[in-house]
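Chain and residue survey
Here's the letter readout for the chains.
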Amino acid sequence: MSTAAQTDTAHAAGTNYLNATKGLKSWIFTLDHKRIGIMYLISILLFFLVGGLLALGVRAHLFSPEGATGMSNDTYNQAFTLHGAIMTFLFIVPSIPASIGNFFLPLMLGAKDVAFPKLNLASYHLYFLGALFFIATIVFTGLDTGWTFYAPFSTDRAMNGVILATSGAFILGFSSILTGVNFIVTIHKLRAPGLTWRRLPLFVWSLYATSIIYVLATPVVGITLLLLIIERAFGVGIFDPALGGDPVLFQHFFWFYSHPVVYVMILPAFGVISELVTIHSRKHIFGYNAIAVSSIAIAFIGFLVWGHHMFVSGQSGLSAAVFSFLTFLVAVPTAIKVFSWVATMYKGSIVYNTPMLYTFSFLFLFSIGGLTGLFLGALATDVHLHDTYFVVAHFHYVMMGSVFIGFLGAIHHWWPKMTGRMYNETLGRIACGLVFVGFNVTFFTQFVLGTQGMPRRYATYHEVGDIEPQLLEMFTLLHQISTIGSFIMAAGLFLILFYLLASVFKGDKAPDNPWGGLSLEWATASPPIEHNFEGQPVVRRGPYEFPEIDPMIK
Amino acid sequence: MSADSNHNQGHGEHHVMPLSTYFAVFGALLVLTGITVLVSFLKLGLLVAVVIASIKAALVVGYFMHLKYDDRFYSVILLSSLFAIFCFFLFVFLDFTSRGMVVPEEETNFLRNERAMIERLEQEEAAAAAAAEEEEEEEAEEDTGG
Amino acid sequence: MSTAHAHGGHHHPFHAHHFETLPQQEASARMGMWLFLGQELLFFSAVFVAFFVFQYMYPEGFLEAHRTLSIPLGTLNTLVLLTSSLTMALAVRNAQLGDNKGVVKQLGFTIALATVFMIVKYFEYSGKIEKGQLPGQWYTYEGLPEGASIFFTMYFVMTGLHGLHIVIGIGVLAWILIRATKNQFSAEYYAPVENVGLYWHLVDLIWIFLFPFLYLIE
Ligand SMILES: [Cu+2]
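This report concerns the structure included in the present document. Remember, predicted model here, so these are calculated numbers, not experimental data.

1. Observations regarding the overall build of chain B
Across its full length, chain B carries five helices and zero strands. Listed N to C, the secondary structure of chain B is α-α-α-α-α in terms of helices and strands. Evaluated residue by residue, chain B yields a buried proportion of 35% over its 146 residues. Considering only intrachain contacts with a sequence separation of at least 6, the fraction spanning at least 24 residues in chain B is 51%. In the structure as shown, chain B presents an accessible area of about 8,800 Å², 63% of it carried by carbon and sulfur atoms.

This is the structure we're talking about:
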């Protein structure tokens, strides 16, 4: 890259975005996308910790059929509700785009910042405000509706936290929308000279598709939650059938947003994997156009299939069948991606480092998560599996096993660039193994539980229906295995926290380009200087044309 | 910068429309408003109103909002949101208008029929209880009678 | 601001450092606004969907309830809003020509018309409140079939959200007006006027659909 010589001098001078200005205020009111990305990263991981501890509480409780922790049923309901709500609204929706995306989008484009830096800061402040509402919910009121806020339970019977939590989610929605607008304009207007659309890193393509969904789907959940607040606050009938409203309408509204938003969660992870798989296999990406276009296709198909969450809600049989059929369309672009990643690795010189181990974990877990999705998309099987642990296992494979694993892969891949430090590679591999094993032990058992008929969201299971002693024994055993798995996973995650924090203080200095990447973020210093690049970088080739690739396998 | 044009994709200089265009569009909007109010007394229904409103909207978007002369990408944004809105209406109304058409409603409408189901179950239970009581009474009668 | 700009030379006071050129910055602002408008359309589409669903569920109630709305007042407000759209468009045109005085004048008209709209709305609302044609539990009006109270719920939600947009609109119009009195806009820098204009036209667009659906359709 033309800027390499200049960045080395900046490196020597020792000023970068981290030490350019000092003090808490210089962070809270910063317009630097890198600092905003870091603030997002810390906040998001903090809420992951809160949501994770709640999950451990839930798992511990299920260790015995009568409930092992002595939590009351009401407390249990709150624990799983807050786990779901925090993980969805505060962790996984903003996760990769707001943290890694904010940090790396302008760097990958060769820009000095995102298009609207003040709006970007406003997004973060809105995120923070929304988070305060959730904290208030936890501290003052409690919430027991499940993260979906289904009416009419949420409109009159549930605990008082509904208004607080939905207001929080409403505000968080605005944060998402502003981020989406910002990213789309940035990608359109701030690309470096020579960075054509077909030379964009695939992570940028995935952020573009994500932003489309942020902009087009989030407003609907905003209005849904607003209507819910109006109904609950003023006793006006909109969703409650007792007041003349319609609860199925709520589900339509809610899932019109919440289905597309699962692609908000997974698409950035797809983008991360596209980057990781090609850089750590030292191989040209297979099917660049197919991967890029399939991201956009997923964004749009996402608006056609939300009814598969409502097969037993009372929607008409015809529309359930149509939704079921359309749901299978999603499998096409996702399969294109998976095949392209596998084909990319073919005959590559794969480096088995921590980011690549996360890539392998992702491919394995996402395949299981994706294929079990077909069971649930098929109308006939879903009616039986609905509201069982099969569903829980499925979305944890997709949400945690894929999105979170992708997030971890991204953190490890870009950690040297963000902090300028290398983490301990050995501990990285051990932790990845622990998380992978713990995850499968936790959630694969839940597929079995679900097919055997264990319903989700039950605080105790010693009196599920007319449960036979044999089945109860099996449920107990599987739940116990699952709980043990979750603690293995937690051990792995705390290990990651430990060595990443340690690397900040004691880690080796990271080189500017530890993995030999070709996209622009590797062309500046580690950590980057305040304005990203010395001078305007110019792009002359695609992001994956590694010079050492054997032309025979290219 | 000159090597690549993507920093200046827009249509560069701004198109200033003559004043007459503004007033012509405004006139058309007034006329269409008049028509839509008059037509409403003829009770022609939804379709006419939607068509007139769409023409008015197109005039506002095309001329007042300069979409006709602006970057094509803005039209793509507009069409994308219209696509999402179209899907929204299409599938919600597919559901509400086809209730019970292919599959009988009581087989799918778990939520709406819940109250009816509970009532039916309670009636059945009551009937069963009544029958059981009768039987018991009969038995008792038989006992005393025998 | 250590990085040197490729162009150097002349710098517009409102040119942000991370944009190469001012036209690039102007185009970005406009694109951002269009994306925001796309978001707004989806936001309103949800209440429209709810409105039609309830109309489908309670055709009788909706028909009778909508007849209680005043078509003259609705038409008046439509004309007021359309005219404000014209004055707004003319304000943008004046900005394109660098005529700040013209911008101030047309924005003044626009704000005045927006205020008229809200005053008419106030009279409509107070009439409804007096008669008890209100949402849900406050509905006390008699003689309308089932579903009328839901009609008024939707009426107040839809016109209320729209009215909220008008009030916000008056705020941003005033902000732009003040900036125009300081002669801040020119033929090369007028994106704020244009963006506020786009927003204002969107508010008008929503009303173009609200008016026939609420007031007119039998
Ligand atoms: Cu879904």
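2. Side note on the interface of chain C and chain B
Across the contact, 51 residues belong to chain C and 50 residues belong to chain B. Summing the contributions of chain C and of chain B, the shared interface buries around 4,500 Å²; its carbon and sulfur component is 79%. Among the residues chain C hides against chain B, the three largest losses belong to Trp34, Leu86 and Arg93 of chain C. Together they make up 15% of the total. Taken together, the connections running from chain C to chain B amount to one salt bridge. For the salt bridge of Arg30 of chain C with Asp70 of chain B, the shortest nitrogen-to-oxygen distance reads 2.8 Å. Joining chain C to chain B, the criterion identifies five residue pairs in polar contact (both at pLDDT 80 or more). Element by element, the count of residues in the side of chain C that touches chain B is highest for helix H1 (residues 22-57) of chain C, at 18 residues.

3. Some thoughts on the coordination of the copper ion
Residues and elements named next belong to chain A. For the copper ion, the full set of protein donor atoms is His259 (ND1), His308 (NE2) and His309 (NE2), and the range of their distances to it is 1.8 to 2.0 Å. Of note, the copper ion draws all its donor residues from one chain, in the sequence arrangement H-x48-H-H. Looking at His308, the relative accessible area reads 13%, which means it is buried.

4. Points about the interface of chain B and chain A
Of the residues lining the interface, 29 residues belong to chain B; the matching set on chain A comes to 39 residues. Carbon and sulfur atoms make up 68% of the surface buried where chain B meets chain A, a total of about 2,900 Å² over both sides. Remark: the boundary between chain B and chain A carries zero salt bridges. Joining chain B to chain A, the criterion identifies four residue pairs in polar contact (both at pLDDT 80 or more). Here the element with the most residues in the side of chain B that touches chain A is helix H3 (residues 72-97) of chain B; it accounts for 12 residues. Here the residues of the side of chain B that touches chain A are counted per class, giving 14 nonpolar, nine polar and six charged.

5. Some thoughts on the environment of Trp200 of chain C
All names here are of chain C. Along the chain, Trp200 falls in helix H6 (residues 191-216). Since its relative accessible area comes to 1%, Trp200 is described here as buried. On a C-alpha basis, the gap between Trp200 and Thr115 in space is 13 Å, while along the polypeptide they are 85 residues apart. Contacts of Trp200, omitting those with residues within four sequence positions, involve Leu81, Ser84, Ser85, Met88, Thr110, Ala114, Ile166, Gly169, Ile170 and Leu173.

6. Considering the environment of Phe133 of chain A
All names here are of chain A. By the secondary structure assignment, Phe133 is in helix H6 (residues 117-141). Taking relative accessible area as the criterion, Phe133 reaches 24% and is therefore assigned partly exposed. C-alpha of Phe133 to C-alpha of Leu164: the two residues are 31 residues apart in sequence and 5.9 Å apart in space.

7. Regarding a nonpolar patch on the surface
Residues and elements named next belong to chain A. Where nonpolar side chains cluster on the molecular surface, the patch consists of Val50, Phe128, Leu129, Leu132, Ile135, Ile138, Val139 and Phe140 and spans about 730 Å² of accessible area. Following the sequence through the fold, Val139 ends up in helix H6. What makes Val139 exposed here is its relative accessible area of 57%.

8. Here we look at helix H1 (residues 19-41) of chain B
Residue and element names in this part refer to chain B. If you check H1, its first and last C-alpha atoms are 34 Å apart, about what 23 residues at 1.5 Å a residue would give, namely 33 Å. By the burial criterion, the buried members of H1 are Thr21, Tyr22, Val25, Phe26, Leu29, Leu32, Thr33, Thr36, Val37, Val39 and Ser40. One or two positions beyond H1, positive phi appears at Lys43, with a value near 55 degrees.

9. Side note on unusual backbone geometry
Residues and elements named next belong to chain A. Between Ala151 and Pro152 the backbone carries a cis peptide bond, its omega angle lying at 0 degrees. In this fold, Pro152 is placed in the loop between H6 and helix H7 (153-157). In this structure, Pro527 follows Ser526 across a cis peptide bond, with omega equal to -10 degrees. Among the secondary structure elements, Pro527 is positioned in the segment after helix H17 (469-506).

10. Brief notes about H1 of chain C
A rise of 1.5 Å per residue sets the reference length of H1 of chain C, with its 36 residues, at 52 Å; its end C-alpha atoms lie 53 Å apart and thus fit the reference within 8%. With 31 of 36 residues buried, H1 of chain C lies mostly within the body of the structure.

11. Describing the packing of helix H4 (residues 100-131) of chain C against H6 of chain C
Residues and elements named next belong to chain C. Contact geometry of H4 with H6 gives a least axis separation of 13 Å together with a crossing angle of 30 degrees. In terms of axis orientation, H4 runs roughly parallel to H6. Crossing of H4 over H6 shows left-handed handedness. The segment H4 lies against H6, with Val103, Thr110, Ala114, Phe117, Lys121 and Glu124 engaging Val193, Trp200, Trp207 and Tyr215. Of the residues that constitute the contact of H4 with H6, the class distribution is seven nonpolar, one polar and two charged.

12. Brief notes about the pattern of salt bridges
Pairing between side chains of opposite charge can happen when the charged atoms of each approach one another. For the structure shown, the criterion picks out eight salt bridges over all chains. In this structure, Asp32 of chain A and Lys34 of chain A form a salt bridge, with 3.1 Å as the shortest nitrogen-oxygen distance. Both residues of the pair, Asp32 of chain A and Lys34 of chain A, count as buried. Overlapping salt bridges, with partners in common, bring together Asp70 of chain B together with Arg30 and Glu194 of chain C in one network.

About the criteria used
- Residues numbered from 1 in each chain as written.
- Chains lettered and ligands numbered in written order.
- Predicted model: local features only at pLDDT ≥ 70, side-chain atom pairs only at ≥ 80, totals over all residues.
- Heavy atoms only, no water.
- Helix = DSSP H or I, 4+ residues; strand = E, 2+ residues; numbered from the N terminus.
- Buried < 20%, exposed > 50% of the residue type's maximum accessible area, 1.4 Å probe, protein only.
- Contact = heavy atoms within 4.5 Å.
- Areas by Shrake-Rupley, 256 points an atom, 1.4 Å probe, with all protein chains shown as cover.
- Buried area = accessible area lost by both parts, 1.4 Å probe.
- Salt bridge = Lys/Arg side-chain N within 4 Å of Asp/Glu carboxyl O.
- Polar contact = N/O pair within 3.5 Å; in protein donor to acceptor, adjacent residues only side chain to side chain.
- Donors = N, O, S within 2.8 Å, 3.2 Å for Na, K, Ca; no water.
- Nonpolar A, V, L, I, M, F, W, Y, C, P; charged D, E, K, R; others polar.
- Patch = residues over 30% accessible without salt bridge, like charges linked within 9 Å, V, L, I, M, F, W, Y side chains within 5 Å.
- Expected span 1.5 Å × (residues − 1).
- Axes fitted to C-alpha atoms, helices over the stretch in contact; angles between N-to-C directions.
- Parallel < 35°, antiparallel > 145°, perpendicular 65-115°, else oblique.
- Left-handed = near helix turned anticlockwise from the far one by under 90°.

Coordinates in, geometry out; function isn't part of it.
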